[in-house]
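Now for the letters of each chain:
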Amino acid sequence: QVNRAYENFGKGFKTKKGQKPKVALTRDEIEKIENVSISGKGEIYRDMFLFMCYTSMEFAAVFALTKEDVRGGDPVVASYRRIKSGSRVKAPINEKALGILKKYKDEEIETCFAHLGISRRSMNNFLKSICQKAGLDSAIEIGTEGGNRLYSPKYQLISTHTGRRTFATLFY
(Lines give C-alpha, C1' and ligand atoms only; values in the text may rest on other atoms or scores of the structure.)
Protein backbone atom coordinates (compact mmCIF):
# COMPACT_ATOMS: atom_id res chain seq x y z
CA GLN A 1 0.00 0.00 0.00
CA VAL A 2 1.33 3.42 -1.01
CA ASN A 3 1.07 6.34 1.42
CA ARG A 4 -0.25 9.25 -0.67
CA ALA A 5 -0.21 11.82 2.17
CA TYR A 6 2.90 13.48 0.76
CA GLU A 7 2.00 13.12 -2.91
CA ASN A 8 1.58 16.89 -3.43
CA PHE A 9 4.23 17.97 -0.96
CA GLY A 10 6.37 20.69 -2.51
CA LYS A 11 4.27 20.79 -5.67
CA GLY A 12 4.71 24.09 -7.44
CA PHE A 13 8.08 24.74 -5.75
CA LYS A 14 10.86 25.11 -8.27
CA THR A 15 14.46 26.14 -7.99
CA LYS A 16 16.83 26.97 -10.78
CA LYS A 17 18.30 23.62 -11.84
CA GLY A 18 17.26 22.18 -8.48
CA GLN A 19 20.08 23.99 -6.65
CA LYS A 20 20.79 27.18 -4.80
CA PRO A 21 22.10 29.86 -7.12
CA LYS A 22 25.85 30.03 -7.47
CA VAL A 23 27.09 33.39 -6.25
CA ALA A 24 30.36 35.25 -6.60
CA LEU A 25 31.47 38.35 -4.73
CA THR A 26 32.11 41.81 -6.13
CA ARG A 27 35.26 43.79 -5.36
CA ASP A 28 33.21 45.97 -2.98
CA GLU A 29 31.95 42.89 -1.14
CA ILE A 30 35.48 41.50 -0.79
CA GLU A 31 36.54 44.85 0.67
CA LYS A 32 33.64 44.72 3.15
CA ILE A 33 34.77 41.26 4.27
CA GLU A 34 38.38 42.43 4.54
CA ASN A 35 37.29 45.34 6.75
CA VAL A 36 34.76 43.61 9.01
CA SER A 37 35.89 43.62 12.63
CA ILE A 38 36.21 40.05 13.92
CA SER A 39 38.63 38.13 16.10
CA GLY A 40 39.54 34.62 17.13
CA LYS A 41 38.48 31.71 14.94
CA GLY A 42 36.31 34.02 12.81
CA GLU A 43 39.39 35.97 11.74
CA ILE A 44 41.10 32.74 10.65
CA TYR A 45 38.05 31.65 8.64
CA ARG A 46 37.77 35.07 7.01
CA ASP A 47 41.45 35.14 6.07
CA MET A 48 41.39 31.61 4.68
CA PHE A 49 38.29 32.46 2.62
CA LEU A 50 39.91 35.62 1.28
CA PHE A 51 42.97 33.54 0.38
CA MET A 52 40.66 31.35 -1.73
CA CYS A 53 39.18 34.45 -3.40
CA TYR A 54 42.67 35.76 -4.24
CA THR A 55 44.13 32.47 -5.53
CA SER A 56 41.23 30.35 -6.93
CA MET A 57 42.27 27.46 -4.67
CA GLU A 58 39.56 25.17 -3.29
CA PHE A 59 39.18 24.43 0.42
CA ALA A 60 40.94 21.03 0.31
CA ALA A 61 43.95 22.46 -1.54
CA VAL A 62 44.27 25.44 0.80
CA PHE A 63 43.91 23.19 3.81
CA ALA A 64 46.65 20.86 2.51
CA LEU A 65 48.96 23.65 1.30
CA THR A 66 52.50 23.35 2.64
CA LYS A 67 55.35 25.85 2.79
CA GLU A 68 57.14 23.76 0.17
CA ASP A 69 54.21 24.28 -2.25
CA VAL A 70 54.73 28.08 -2.20
CA ARG A 71 57.54 29.09 -4.49
CA GLY A 72 59.13 32.52 -4.76
CA GLY A 73 59.64 34.36 -7.98
CA ASP A 74 57.73 36.91 -9.97
CA PRO A 75 54.95 36.10 -9.40
CA VAL A 76 55.03 33.94 -6.28
CA VAL A 77 53.03 30.77 -7.01
CA ALA A 78 51.48 27.91 -5.10
CA SER A 79 52.22 24.70 -6.97
CA TYR A 80 49.95 21.92 -5.77
CA ARG A 81 48.03 18.84 -6.88
CA ARG A 82 44.24 19.25 -7.14
CA ILE A 83 42.46 16.81 -4.86
CA LYS A 84 39.52 16.31 -7.24
CA SER A 85 41.38 15.67 -10.50
CA GLY A 86 44.92 14.88 -9.36
CA SER A 87 46.30 17.36 -11.89
CA ARG A 88 49.19 19.66 -11.02
CA VAL A 89 48.23 23.36 -10.81
CA LYS A 90 50.12 26.61 -10.26
CA ALA A 91 48.13 29.41 -8.67
CA PRO A 92 49.58 32.93 -8.56
CA ILE A 93 49.90 34.38 -5.07
CA ASN A 94 49.19 38.12 -5.08
CA GLU A 95 50.30 40.53 -2.35
CA LYS A 96 47.11 40.15 -0.30
CA ALA A 97 47.30 36.35 -0.38
CA LEU A 98 51.01 36.48 0.49
CA GLY A 99 50.18 38.72 3.46
CA ILE A 100 47.71 36.10 4.72
CA LEU A 101 50.31 33.33 4.37
CA LYS A 102 52.83 35.39 6.33
CA LYS A 103 50.26 36.14 9.03
CA TYR A 104 49.82 32.42 9.81
CA LYS A 105 53.40 31.38 9.18
CA ASP A 106 54.84 29.16 11.88
CA GLU A 107 58.46 28.06 11.52
CA GLU A 108 57.80 24.83 13.41
CA ILE A 109 54.88 23.67 11.28
CA GLU A 110 55.05 22.49 7.65
CA THR A 111 51.47 23.31 6.61
CA CYS A 112 50.14 26.80 6.00
CA PHE A 113 46.59 26.37 7.37
CA ALA A 114 45.98 22.75 8.51
CA HIS A 115 47.46 23.41 11.96
CA LEU A 116 44.73 26.01 12.64
CA GLY A 117 42.05 23.35 13.28
CA ILE A 118 39.56 24.26 10.56
CA SER A 119 36.78 22.13 9.09
CA ARG A 120 34.80 22.91 5.95
CA ARG A 121 31.46 22.67 7.77
CA SER A 122 32.42 25.07 10.56
CA MET A 123 34.04 27.40 8.03
CA ASN A 124 30.86 27.53 5.93
CA ASN A 125 28.84 28.34 9.05
CA PHE A 126 31.28 31.06 10.13
CA LEU A 127 31.37 32.51 6.60
CA LYS A 128 27.63 33.12 6.67
CA SER A 129 27.86 35.09 9.93
CA ILE A 130 30.99 36.96 8.77
CA CYS A 131 29.29 37.94 5.51
CA GLN A 132 26.14 38.97 7.38
CA LYS A 133 28.23 41.15 9.68
CA ALA A 134 29.93 42.63 6.59
CA GLY A 135 26.50 43.61 5.22
CA LEU A 136 26.27 41.19 2.29
CA ASP A 137 22.50 41.07 2.53
CA SER A 138 21.31 41.86 -0.99
CA ALA A 139 18.33 39.73 -2.06
CA ILE A 140 19.20 36.86 -4.41
CA GLU A 141 16.43 34.96 -6.21
CA ILE A 142 16.58 31.30 -5.21
CA GLY A 143 13.54 29.93 -7.02
CA THR A 144 9.77 30.16 -7.25
CA GLU A 145 6.86 28.71 -5.33
CA GLY A 146 3.35 28.86 -6.72
CA GLY A 147 4.37 31.52 -9.21
CA ASN A 148 5.98 33.70 -6.53
CA ARG A 149 9.69 34.41 -6.56
CA LEU A 150 11.65 33.34 -3.50
CA TYR A 151 14.65 35.33 -2.26
CA SER A 152 17.48 34.78 0.18
CA PRO A 153 20.02 37.22 1.60
CA LYS A 154 23.33 36.77 -0.21
CA TYR A 155 25.24 35.92 2.99
CA GLN A 156 23.18 32.72 3.36
CA LEU A 157 24.42 31.50 -0.03
CA ILE A 158 28.15 32.01 0.65
CA SER A 159 30.31 28.89 1.04
CA THR A 160 33.97 28.02 0.62
CA HIS A 161 33.39 27.39 -3.09
CA THR A 162 32.33 31.02 -3.49
CA GLY A 163 36.04 31.85 -3.24
CA ARG A 164 36.84 29.99 -6.47
CA ARG A 165 33.84 31.51 -8.24
CA THR A 166 34.85 34.97 -7.09
CA PHE A 167 38.38 34.54 -8.43
CA ALA A 168 37.04 33.29 -11.77
CA THR A 169 34.62 36.22 -11.97
CA LEU A 170 36.96 39.03 -10.93
CA PHE A 171 40.53 38.03 -11.62
CA TYR A 172 40.56 35.60 -14.54
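Check the entry above for the structure.
None of these values were measured; they are calculated from a predicted model.

**Thoughts on the pairing of strand E4 (residues 88-93)**
Thought 1: Where strand E3 (residues 76-81) meets E4, six bridges bridge the pair, whose relative direction is antiparallel. Across the sheet, residue Val77 finds its bridge partner in E4, namely Pro92.

**Remarks on the pattern of salt bridges**
Thought 1: According to the stated counting rule, one finds nine salt bridges in the structure shown.
Thought 2: With its nearest N and O atoms 2.7 Å apart, the salt bridge here joins Lys103 to Glu43. Taken together, the residues span a long stretch of sequence, with Lys103 in helix H4 (residues 95-103) and Glu43 in helix H2 (residues 41-55) at a distance of 60 residues.
Thought 3: Here Lys103 falls in the partly exposed class, since its relative accessible area comes to 43%.
Thought 4: A salt bridge links Asp47 to Lys103, with the shortest nitrogen-to-oxygen separation between them at 2.7 Å. On the criterion of sequence distance, the pair formed by Asp47 in helix H2 and Lys103 in helix H4 is long-range, its members being 56 residues apart.
Thought 5: One network of salt bridges, in which partners are shared, links Glu43, Arg46, Asp47 and Lys103.

**What about the packing of aromatic side chains?**
Thought 1: With the rule as written, the count across this model stands at two aromatic pairs.
Thought 2: Taken together, a centroid distance of 5.7 Å and an interplanar angle of 15° make the contact between Phe59 and Phe63 stacked. Of this pair, Phe59 and Phe63 both sit in helix H3 (residues 59-64), four residues apart, which is roughly one turn of the helix.
Thought 3: Take Phe59: its relative accessible area is 8%, and that puts it in the buried class.

**Here we look at the sheet that holds E4**
Thought 1: With antiparallel pairing, three strands are arranged side by side in an open sheet as E2-E3-E4. Every other strand in the sheet has two partners, leaving strand E2 (70-71) and E4 as the edge strands with one partner each.
Thought 2: In terms of strand pairing, E2 meets E3 through two bridges, oriented antiparallel. Each residue of the ladder has a partner; that of Val70, found in E3, is Ala78.
Thought 3: With respect to the sheet, H4 is in contact with E2, E3 and E4, its orientation differing from that of E4 by roughly 95°.

**Some words on helix H5 (residues 120-133)**
Thought 1: End to end, H5 covers 20 Å across 14 residues, agreeing with the expected 20 Å (1.5 Å per residue, within 8%).
Thought 2: Those residues of H5 not exposed but buried are Met123, Asn124, Leu127, Ile130 and Cys131. What you see down the axis of H5 is that its buried residues fit within an arc of 125°, all on one side. Relative to its buried face, H5 has exposed residues pointing more than 90 degrees away, namely Arg121, Asn125 and Lys133.
Thought 3: Looking at the buried positions of H5, the neighbouring elements they touch are helix H1 (27-35), H2 and H3.

**With respect to the environment of Cys131**
Thought 1: For Cys131, the location among the structural elements is in helix H5.
Thought 2: You can call Cys131 buried: its relative accessible area is 0%.
Thought 3: Sequence-distant contacts of Cys131, defined by excluding residues within four places in its chain, comprise Ile33, Leu136, Tyr155 and Ile158.

**Considering the state of the cysteines**
Thought 1: Applying the stated criterion across every chain, the model contains zero disulfides.
Thought 2: The structure places no disulfide on Cys53, whose sulfur is separated from the nearest cysteine sulfur, that of Cys131, by 8.5 Å.
Thought 3: Residue classification places Cys53 among the buried residues on the basis of a relative accessible area of 0%.

Conventions adopted
Sequence positions are assigned chain by chain, starting from 1 and proceeding in written order. Predicted model: local features are reported for residues with pLDDT of at least 70 only, side-chain atom pairs are reported and counted for 80 or more only, and whole-chain, interface and lining totals are derived from all residues. For side-chain calculations, the full set of non-hydrogen atoms in the structure is used, while hydrogens and water are omitted. Pairing between strands is defined by DSSP: at least two bridges between them are needed. Under the scheme used here, helices are H or I runs from DSSP no shorter than 4 residues and strands are E runs no shorter than 2 residues, and both carry numbers assigned from the N terminus. When a carboxyl oxygen of Asp or Glu is within 4 Å of a side-chain nitrogen of Lys or Arg, the pair counts as a salt bridge. When a residue's accessible area, from a 1.4 Å probe over protein chains only, is under 20% of the maximum for its type it is buried; when over 50% it is exposed; and in between it is partly exposed. Stacked, tilted and edge-to-face are the three classes applied to pairs of Phe, Tyr and Trp rings, where Trp contributes its six-membered ring and a pair requires centres within 6.5 Å; stacked means planes under 30 degrees apart, edge-to-face means over 60, and tilted covers the rest. Residues count as neighbours in contact if any of their non-hydrogen atoms are within 4.5 Å of one another. To obtain each axis, a line is fitted to C-alpha atoms, and for helices this fit is confined to the stretch in contact; angles are then taken between N-to-C directions over 0 to 180 degrees. By this rule, a helix spans an expected 1.5 Å times one less than how many residues it contains. The arc refers to the directions leading from the helix axis to the C-beta atoms. To count as a disulfide, a pair of cysteine sulfur atoms needs to be within 2.5 Å.

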